[in-house]
Amino acid sequence: KQVKKLTTSKDIVEKKPTNIKPQIINNYSNKIRAHIERFKKYPRMAQMRGWKGEVLIEAEIDGNGLLISSVVIRSSGRKILDNEGLAMMDRSAPFPTPPEGRNLKMTIPISFSMI
């Protein structure tokens, strides 16, 4: 005969509220974009061929600013640019610490143009 364990208040883990103010998130997003931009290397072959585009990357950053994952969610149309976008994410780590030291998942556009 199995005994069913009842959940008590000791079993419930308190979770922090997930609502960080939009302005704080926006400021952090701007900081992240500026940080990543410093690690951009326009691939030589893409430059020579005049290839341009924007890759959209979804990245998860942990509470200490370390990269947990990054994945292309919208291709630039050029594999070489998509790969460079992912490489930029790796080179950019560690990132500025997220607000309230929480893991954050964000979408990051990376543009490649000859301008």
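As the structure is a prediction and not an experimental result, all values here were calculated from the model.

**Here we look at the pattern of salt bridges**
Logical step 1: If you walk through the whole model with that rule in mind, you get four salt bridges.
Logical step 2: Glu54 serves as the salt-bridge partner of Arg74, at 2.8 Å between the closest nitrogen and oxygen. One end of the pair, Arg74, is in strand E2 (residues 67-74); the other, Glu54, is in strand E1 (residues 53-61), with 20 residues separating them in the sequence.
Logical step 3: For Arg74, a relative accessible area of 41% corresponds to the partly exposed category.
Logical step 4: Between Glu100 and Arg102 there is a salt bridge whose closest N-O contact spans 2.6 Å.
Logical step 5: Since its relative accessible area comes to 14%, Arg102 is described here as buried.

**Some details on the packing of aromatic side chains**
Logical step 1: As enumerated under the stated definition, the model contains one aromatic pair in all.
Logical step 2: Relative to Phe112, the ring of Tyr42 has its centre 5.5 Å away and its plane inclined at 85 degrees; by these criteria the two rings are edge-to-face. Of this pair, Tyr42 sits in the loop between helix H1 (22-37) and helix H2 (44-49) while Phe112 is found in strand E3 (residues 104-112), placing the two residues 70 residues apart along the sequence.
Logical step 3: By relative accessible area, Tyr42 is classed as buried at 16%.
Logical step 4: Cation over ring: Lys40 sits above Phe112, and NZ or CZ is 5.2 Å from the ring centre.

**Some points on helix H3 (residues 79-92)**
Logical step 1: If you check H3, its first and last C-alpha atoms are 20 Å apart, about what 14 residues at 1.5 Å a residue would give, namely 20 Å.
Logical step 2: Among the residues of H3, those classed as buried are Leu81, Asp82, Glu84, Gly85, Met88, Met89 and Ser92. Viewed along the axis of H3, the buried residues span an arc of 160 degrees, placing them on a single side of the element. Among the exposed residues of H3, those pointing more than 90 degrees away from its buried face are Lys79 and Asp90.
Logical step 3: Buried residues belonging to H3 abut H1, H2, E1, E2 and E3.

Scoring rules and cut-offs
Residues numbered from 1 in each chain as written. Predicted model: local features only at pLDDT ≥ 70, side-chain atom pairs only at ≥ 80, totals over all residues. Heavy atoms only, no water. Salt bridge = Lys/Arg side-chain N within 4 Å of Asp/Glu carboxyl O. Helix = DSSP H or I, 4+ residues; strand = E, 2+ residues; numbered from the N terminus. Buried < 20%, exposed > 50% of the residue type's maximum accessible area, 1.4 Å probe, protein only. Phe/Tyr/Trp six-rings, centres within 6.5 Å; stacked < 30°, edge-to-face > 60°. Lys NZ or Arg CZ within 6 Å of the ring centre and 35° of its normal. Expected span 1.5 Å × (residues − 1). Arc of directions from axis to C-beta. Contact = heavy atoms within 4.5 Å.

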